Amino acid sequence: MQASPIYQHVKQALEHFFKHQQYNFTVALSGGVDSVVLLHVMHLLKQEIPTLNVNAIYVNHGLSQYANDWQRFCQNVCTELNVPFNAAQVTINPQARTSLEAQAREARYKALDGLSPVGSVILLGQHLNDQIETFLLRLKRGSGLKGLGAMQKLRKLPSGRICYRPLLNITRSDIEHFATEFNITHITDDSNTDERFDRNFLRARVVPLLAKRFKGFEHCAGRSIELLQQQQALLDEYTELDLKQSINAQQALSVSQITTYSDVRITNVVRAWLSLFTQVMPSQKQLLQIINQAINAQADAQMQVDLSEGQIRRHQGFLYFVTPHTPLADEALTDNELLLNDGRVLIKQQGKGLRAPLPNEQVIVRFNCNSVRIRPVNKPGSNTLKHWFKDAKVAPWLRGRVPLIFYNDELVQVVGYFVSEKHKDENGIFWECK
């Protein structure tokens, strides 16, 4: 087995981890031929590299009547190989506009991440034919360059954990031949023969026909997918440069900067900017609407484009992604600190600011009082808070988040901006928000 091409391929694929002293691996074990072969290879590799730590996890989705049988099979295989085994039971609640396959996949990743030992790399058994099927499915959907790149060998989960696919360049037939040659038993998922599912149809009818008609089709398709991934990686590098030149410290997008780009480049950098805040990309129509309003609207126009997870707003020549917030409640300030319901802390400090409140003055923090009047220190006359916010170039959607300090019903400080001329004191108090 150690002399076989698959064993040598997996060993070589993991060399990068070994060079960085990473020897802890978790095999995502389904009981299918690909994951069982991968487990046997890792078990044998541990005999060659004693510092290797290998464990396995089976995720029971409960979607098949045989799920518990498969779990017992996986446990028995691990017992025979003396590999630590764990199982996770997950529940899939069908959701509109999301395929059952996608929901099961996300639940599987979450379970694998939660049960894997800290620092362990999760090994996935997807192979070259899985990759080609994914490519064809995305081709059918009209995907672009990134989508047609299909599955990456390395995937990082939101937690930072790494998932790796060491068999991604190996065909299904080679894996099955390996299992037969070394008498490795495995299970077959009955749902894989149901050609009502697009992936199964491609697996049973389309890919075998192409492979039979065109010699070397699978490996040629695999090379094309790798080239697409390389081109996407190159595009990502240039996109990152454009993005760095186009955003400020608040991650707002400069309209004047992006207008120096070509149309296709503008579209690309706007998508990249949106990906900083949301994974749900707007439609092409919405994207063109955002770009058109951003570039062509009057400088003082109140631009607002609503998306599923937030709004696109324009202010002072920059685009902002604004997420909805729970309105902040008014509260009495009786202590030196107050925890606001958005997680910020309002703290009373000593120094240049306001006179202390009189015994008959209650100190209150309020929000969103734009019509209240105040005369700030070093400002000409009294005016509404809305006027002074505009004068200070505070974005409209941020104004309702600014804490306002009142002595009874009189505004004395706009936290982070100014204090009242009438109440100023060189050796007084002031509030700040952290």
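Shown above is the structure to which this text applies.
In this text the structure is predicted, and so the values were computed from the model without any measurement. (Residues numbered from 1 in each chain as written. Predicted model: local features only at pLDDT ≥ 70, side-chain atom pairs only at ≥ 80, totals over all residues. Heavy atoms only, no water.)

### Let's talk about the overall build of the protein
Helix and strand content of the protein: 15 helices and 20 strands. Computed over the C-alpha atoms, the radius of gyration of the protein is 30 Å, more than 25% above the 22 Å expected from 2.2 N^0.38 for a compact globule of 434 residues. Seen through its principal axes, the protein has C-alpha atoms that stretch 90 × 50 × 40 Å. Taking all 434 residues of the protein together, the buried fraction comes to 44%. Entry remark: accessible area of the protein is about 24300 Å², with carbon and sulfur atoms responsible for 50%. Counting 48 positive and 41 negative side-chain charges, the protein places the averaged centre of each group 5 Å from the other. (Helix = DSSP H or I, 4+ residues; strand = E, 2+ residues; numbered from the N terminus. Rg over C-alpha atoms; globule rule 2.2 N^0.38 Å. Buried < 20%, exposed > 50% of the residue type's maximum accessible area, 1.4 Å probe, protein only. Areas by Shrake-Rupley, 256 points an atom, 1.4 Å probe, with all protein chains shown as cover. Lys, Arg positive; Asp, Glu negative; His and termini not counted. Charge placed at Lys NZ, Arg CZ, Asp CG, Glu CD.)

### Some thoughts on the pairing of strand β17 (residues 404–407)
Within a regular strand, the side chains alternate between the two sheet faces. Burial of the side chains of β17 extends over both faces: Leu404 and Phe406 are buried on one face and Ile405 and Tyr407 on the other. Looking at chain direction, strand β14 (residues 363–366) and β17 are connected through 4 bridges and run antiparallel. Across the sheet, the residue bridging to Arg366 is Leu404, located in β17. Pairing geometry for β17 and strand β18 (residues 410–414), over 4 bridges, is antiparallel. (Pairing = 2+ DSSP bridges.)

### Re the layout of surface pockets
One number sums up the size of the second largest pocket: a volume of about 350 Å³. Together, 17 residues line the second largest pocket, and Phe321, Val322, Thr323, Trp397 and Leu398 are the ones closest to its centre. Taken together, the elements giving at least two residues each to the lining of the second largest pocket come down to β9 (310–315), β10 (318–322) and α15 (396–399). Residue composition of the lining of the second largest pocket, by class: 8 nonpolar, 6 polar and 3 charged. (1 Å grid on protein atoms, 1.4 Å probe; cavity = no way out; pocket = protein on both sides within 12 Å on 5 of 7 lines; lining within 4 Å. Points joined across faces, edges and corners; volume = space filled by probe spheres on them. Nonpolar A, V, L, I, M, F, W, Y, C, P; charged D, E, K, R; others polar.)

### Considerations on the environment of Leu124
When you line up the elements, Leu124 lands in the loop between β4 (121–123) and α6 (128–140). Overall, Leu124 belongs to the buried group, its relative accessible area being 6%.

### As for the packing of helix α1 (residues 5–13) against helix α3 (residues 33–48)
Remark: α1 packs on α3, axes separated minimally by 10 Å, with the N-to-C direction vectors making an angle of 70 degrees. Classified by the interaxial angle, the pair formed by α1 and α3 is roughly perpendicular. Mapping the contact onto sequence places Ile6, Tyr7, Val10 and Lys11 in α1 and Val37, Leu38, Val41, Met42, Leu44, Leu45 and Glu48 in α3. Partitioned by chemical class, the residues of the contact of α1 with α3 number 9 nonpolar, no polar and 2 charged. (Axes fitted to C-alpha atoms, helices over the stretch in contact; angles between N-to-C directions. Parallel < 35°, antiparallel > 145°, perpendicular 65-115°, else oblique. Contact = heavy atoms within 4.5 Å.)

### Observations regarding a nonpolar patch on the surface
Side chains of Leu234, Tyr238 and Leu241 sit close together on the surface and give an oily, nonpolar patch of about 340 Å² of accessible area. Locating Tyr238 in the fold gives a position in helix α10 (residues 217–246). (Patch = residues over 30% accessible without salt bridge, like charges linked within 9 Å, V, L, I, M, F, W, Y side chains within 5 Å. Salt bridge = Lys/Arg side-chain N within 4 Å of Asp/Glu carboxyl O.)

### Focus: the packing of α10 against helix α12 (residues 263–274)
Look at α10 against α12: their axes get within 9 Å of each other, and the N-to-C directions meet at 80 degrees. As far as their axial angle goes, α12 and α10 are roughly perpendicular. On α12, the residues that touch Leu235, Thr239, Asp242, Leu243 and Ser246 of α10 are Arg265, Asn268, Val269, Ala272 and Trp273.

### Thoughts on the pairing of β18
The buried fraction of β18 is high, at 4 of 5 residues. The pairing of β18 with strand β19 (residues 418–419) spans 2 bridges and is classified as antiparallel. Note that in β19 the partner of Gln413 across the bridge is Val419. Linking two consecutive strands that pair antiparallel, namely β18 and β19, is a turn of 3 residues; a positive phi of about 90 degrees is found at Gly416 within it.

### Some details on unusual backbone geometry
Although it is not a glycine, Asn82 adopts a positive phi angle of roughly 60 degrees. We classify Asn82 as exposed; its relative accessible area is 66%. Here the phi dihedral of Lys393 falls at roughly 60 degrees; this positive angle occurs in a residue that is not glycine. For Lys393, the position within the fold is in the loop between α14 (385–391) and α15.

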